[in-house]
Structures are given as structure tokens and as C-alpha cells.
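So you can see what is in the structure, the chains are spelled out below.
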Amino acid sequence: MSERANTSEMLSTDHLLGIQDLGVADIDLIFRTADGFKEVLSRPIKKVPSLRDITIANLFFENSTRTRISFELAEKRLSADIINFSSSSSSTKKGETLIDTVSNILAMKVDMVVMRHPDPGAAVFLSKHVRACIVNAGDGTHEHPTQALLDAYSIREKLGRVKGVKVVIVGDILHSRVALSNIHCLKKLGAEVMLCGPTTLMPRHVESLGVRVEHDLDKALRWCDVANMLRIQLERQGSDGISNFPSLREYAMLYGLTMERYDRAGKQITIMHPGPINRGVEITSQVADHTNSIILDQVENGVAVRMAVIYLLAARIPRAQ
Ligand code: CP
């Protein structure tokens with residue numbers, strides 16, 4: 001893991017815009033590469049010189065804690081040069097367009113852009129208008145591909161496989177990019193996927209993605225091996241003028257994962273959450289901190305998985321010899 005990616009094993013894509021861009025062989029390659037980086041991250045010196053000749057811009061037009069820090073750490077562990085940009089301190093506040101902002105950054109010889117943006121499709125749009133490798137770090141309600149990769153990687157680590165595992169994704173499916181990317185990733189890897197939440201937070205015709213829909217959380221828990229609990233995206237509620245449920249208290253009563261509910265299922269269920277957690281709403285502290293919770297393993301694995309994604313995409317960037 002000290003040299004560049006073996007060019008005989010390459011990703012089939014120049015960007016990571018969504019899970020739909022990846023084949024099963026790509027995901028398998030990312031996981032095997034992440035396995036190697038997990039070993040690197042367990043060493044006293046958690047760093048390899050692989051990307052000394054690569055410069056990466058992290059552009060965050062929307063709030064983030066985990067994803068921003070995880071990408072930055074992954075890039076530093078690979079010895080890339082990095083610049084960090086947040087919209088609150090940028091010239092986009094002065095009316096500059098996204099393409100002009102990014103083109104100006106790229107003029108300073110930047111090779112790769114990691115971008116979080118509130119608008120669905122922003123990463124795809126950018127990839128069509130600038131000459132740089134684009135990594136989608138979450139675009140509105142569309143996709144969050146590295147989250148889905150680290151989630152599937154964490155299931156594989158905990159249960160030894162993804163194929164055939166029954167995963168229920170619970171909560172605000174309608175506004176969740178994590179849910180959509182997870183559905184695509186888990187289905188590609190052969191998992192069975194169920195969505196659980198109130199009708200008002202469930203996209204219409206979502207069954208066409210090959211998933212089951214269940215509105216009763218107790219039934220969903222009896223069915224699943226893994227429960228991935230999602231946060232209510234309060235910042236996106238009511239954006240269409242409609243309130244999606246009467247109160248957080250009622251939501252927590254029907255869809256909050258409590259210890260009582262967990263015990264009632266009568267089985268060992270692996271608990272996941274992409275963060276940030278709203279304790280006492282979608283999950284209680286007892287469940288979030290339970291021995292079957294892999295929430296912090298997801299965060300830890302995020303660094304190795306993002307190192308793998310960046311490393312493999314960098315191998316596709318033409319370099320000066
Ligand atoms: N899981 C996730 O995307 O968290 P952040 O919004 O903190 O990056």
C-alpha cells in the first residue's frame with residue numbers, strides 16, 4: 001500500500017458521482033483496497049506517500065462534520081496536498097457561479113474536487129463542465145456514495161458478507177441521499193432491502209427499486225439482520241409547503257428505536273446510523289451505544305473507504321512522467 005494503484009486493477013469510472021456509476025467489480029475493488037488501508041491505519045505511522053503529486057480541493061457548500069473530516073483525513077493519510085473551501089467564506093456569496101468558482105480553483109493546478117452541495121445533480125453538472133476528477137460528498141436529496149460504500153463495507157466487516165443480508169432502512173427516506181445510495185449499493189451487492197417509515201416520508205413508487213416497504217417498525221425489526229436508522233431531515237421538511245408528520249414526539253413513538261422495541265424483536269440486530277444522531281428521536285442512547293451498534297465503526301471505516309476511493313480515482317488521472 002505504499003505505491004500507486006496497480007494499473008491492472010482500475011475503477012471503470014473517472015468520477016464518483018453516484019453508486020449507479022459503479023459496477024460490482026468496482027465496489028469489490030474499493031473494498032479490497034480499503035482492507036489494505038485499514039491495515040495502514042492501524043500502524044504507528046498511519047500514512048503512505050502514494051498521492052504526493054496530487055492536489056485535492058474539498059468544496060463544502062453545505063454543513064458537514066463526519067464527511068468533511070473523513071475526506072480530509074483520508075487525503076492527508078495518502079500524502080495529497082489539500083485545500084479546504086466552505087461556502088460561508090467564499091466568493092459564491094458575492095454572486096460567483098459554481099463553475100466560475102471551481103474553474104478558478106482548478107486554474108491553481110488542482111487535480112480532484114470533493115464536493116458537497118445542497119442541489120441534487122450538482123456533482124454531475126460539475127463533471128460535465130470542468131476538467132477534474134469529481135467526488136460527490138453528498139448532493140441534496142440525490143446521492144451520498146461514499147456513505148453507502150462505508151455502510152456496506154461495515155456490514156461486510158461485522159457479518160462477513162453483504163449478499164443475502166436483510167437490511168431495513170428506517171426513517172425519512174423521502175429526503176435522504178443516504179437511503180438512495182444505500183439502496184443502490186446494497187442491491188448491487190445482493191442484500192435484501194426493506195424501507196420503513198411513515199407514508200408521508202416514503203417516496204412514491206419506491207418499490208420499483210426492488211425494495212420492500214413496511215410501515216410497522218416492529219414487523220421490520222423481526223424481519224431484518226441490520227437496522228440502519230436515519231435522522232429526520234428537519235432542514236428539508238416542509239420545503240414543499242407540506243409538514244410530513246404531526247410532531248417529533250409522535251414520530252419517536254412510532255419509529256424511534258428504543259431498547260424495549262429492540263428486545264421485543266427477540267434477535268440480535270446490527271444497529272447502524274450515518275450520523276448526525278438525534279438521540280431520543282430516531283434512536284435512544286441505550287440503542288445507539290449498545291454492543292450491537294456499529295455506528296462508530298462506520299465512522300472509522302469511512303476513512304479507509306475514502307482513502308480507497310481517492311487512491312483508485314487518482315490512478316485514472318494522467319500524470320507527468
Ligand atoms: N453522514 C454524514 O454525511 O454526516 P455529515 O453530514 O456530518 O458529513
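Residues numbered from 1 in each chain as written. Predicted model: local features only at pLDDT ≥ 70, side-chain atom pairs only at ≥ 80, totals over all residues. Heavy atoms only, no water.

This part is about the nonpolar core. If you look at the biggest cluster of nonpolar residues, it comprises 65 residues, and the most contacted ones within it are Ile30, Phe37, Met112, Leu149, Ile169 and Leu195. Among the elements that make up this core, the one with the highest residue count is helix H11 (residues 295–314) (eleven residues). Each of domain 1 (19–143 + 300–314) and domain 2 (145–297) gives at least three residues to this core. Core analysis: the second largest hydrophobic core is formed by 27 residues, Val170, Met194, Ala220 and Met259 among them. (Core = buried A, V, L, I, M, F, W, Y, C linked by side-chain atoms within 4.5 Å. Buried < 20%, exposed > 50% of the residue type's maximum accessible area, 1.4 Å probe, protein only. Helix = DSSP H or I, 4+ residues; strand = E, 2+ residues; numbered from the N terminus. Domains from an automatic or database assignment.)

The next thing to look at is empty space enclosed by the protein. Overall, the coordinates contain one cavity of 30 Å³ or more when judged by the stated rule. Taken as a whole, the largest cavity holds about 80 Å³ of empty space. Forming the walls of the largest cavity are Arg66, Thr67, Ser70, Gln147, Leu150, His273, Pro274, Gln298, Val299, Gly302 and Arg306. Secondary structure elements with two or more residues in the lining of the largest cavity: helix H2 (66–77), helix H5 (145–159) and H11. The element best represented in the lining of the largest cavity is H11, accounting for four residues. Taken together, the residues of the lining of the largest cavity break down into three nonpolar, six polar and two charged. Formed jointly, the lining of the largest cavity draws a minimum of three residues from each of two domains, domain 1 (19–143 + 300–314) and domain 2 (145–297). (1 Å grid on protein atoms, 1.4 Å probe; cavity = no way out; pocket = protein on both sides within 12 Å on 5 of 7 lines; lining within 4 Å. Points joined across faces, edges and corners; volume = space filled by probe spheres on them. Nonpolar A, V, L, I, M, F, W, Y, C, P; charged D, E, K, R; others polar.)

Our next topic: the sheet that holds strand S5 (residues 166–170). As summarised here, the arrangement of the five strands in space is S7-S6-S5-S8-S9, forming an open sheet in which the pairing is parallel. With one partner strand each, in any of the chains shown, strand S7 (212–214) and strand S9 (270–272) form the two edges of the open sheet. Within this sheet the neighbouring strands show an average axis-to-axis angle of 25°, counted without direction. As paired elements, strand S8 (residues 226–229) and S9 share three bridges and run parallel to each other. (Pairing = 2+ DSSP bridges. Axes fitted to C-alpha atoms, helices over the stretch in contact; angles between N-to-C directions.)

Another point: the site of the ligand. All residues in the neighbourhood of the ligand are listed as Ser64, Thr65, Arg66, Thr67, Arg116, His144, Gln147, Pro274 and Gly275. One of the backbone nitrogen or oxygen atoms of threonine 65 is found 2.8 Å away from an oxygen atom of the ligand. Within the side chain of arginine 116, a nitrogen or oxygen atom sits 2.8 Å from an oxygen atom of the ligand. If the ligand stood free it would expose 250 Å²; the protein chains cover 91% of that surface. Each of domain 1 (19–143 + 300–314) and domain 2 (145–297) accounts for three or more of the residues forming the shell around the ligand. (Near = heavy atom within 4 Å. Polar contact = N/O pair within 3.5 Å; in protein donor to acceptor, adjacent residues only side chain to side chain. Areas by Shrake-Rupley, 256 points an atom, 1.4 Å probe, with all protein chains shown as cover.)

This part is about the domain arrangement of the chain. Partitioning the chain into domains gives domain 1 (19–143 + 300–314) and domain 2 (145–297). Between domain 1 and domain 2, the C-alpha centre-to-centre distance is 25 Å. Residue-level contacts link 28 residues of domain 1 with 26 residues of domain 2. Around 2400 Å² of area is buried between domain 1 and domain 2 when both sides are counted, 60% of it from carbon and sulfur atoms. Looking only at domain 1, the three residues that lose the most surface to domain 2 are Ile19, Phe31 and Asn301, adding up to 26% of its buried area. Across the pair aspartate 35 and arginine 156 runs a salt bridge, and its minimum N-O distance is 2.8 Å. Applying the counting criterion to the domain 1 and domain 2 interface returns 13 residue pairs in polar contact (both at pLDDT 80 or more). Residue assignment for the side of domain 1 that touches domain 2 shows that the elements contributing at least two residues are helix H1 (24–41), H2, strand S3 (112–117), strand S4 (133–139) and H11. Per-element tally for the side of domain 1 that touches domain 2: the top contributor is H1, with seven residues. Classifying every residue of the side of domain 1 that touches domain 2 gives ten nonpolar, nine polar and nine charged. (Contact = heavy atoms within 4.5 Å. Buried area = accessible area lost by both parts, 1.4 Å probe. Salt bridge = Lys/Arg side-chain N within 4 Å of Asp/Glu carboxyl O.)

Looking now at the packing of H2 against H11. In contact at an axis separation of 8 Å, H2 and H11 are set at 55° when each is read in the N-to-C sense. When the axis of H2 is compared with that of H11, the two are oblique. Of the two possible hands of crossing, H2 and H11 adopt the one that is right-handed. Here Arg66, Thr67, Ser70, Phe71, Leu73, Ala74, Glu75 and Arg77 of H2 lie close against H11, whose contacting residues are Val299, Gly302, Val303, Arg306, Met307 and Ile310. Tallied by class, residues from the contact of H2 with H11 come to seven nonpolar, three polar and four charged. (Parallel < 35°, antiparallel > 145°, perpendicular 65-115°, else oblique. Left-handed = near helix turned anticlockwise from the far one by under 90°.)

Here we come to the pattern of salt bridges. Between side chains of opposite charge, a pair can form when the charged atoms approach closely. Across all of its chains, the model carries 14 salt bridges by this definition. Here lysine 76 and glutamate 72 are joined by a salt bridge, their closest N and O atoms 3.1 Å apart. Pair noted here: lysine 76 and glutamate 72 are both in helix H2, with a separation of four residues, about one helical turn. Its relative accessible area of 17% is what places glutamate 72 among the buried residues. Beyond isolated ion pairs, a larger network of salt bridges with shared partners links Asp218, Glu260, Arg261 and Arg264.

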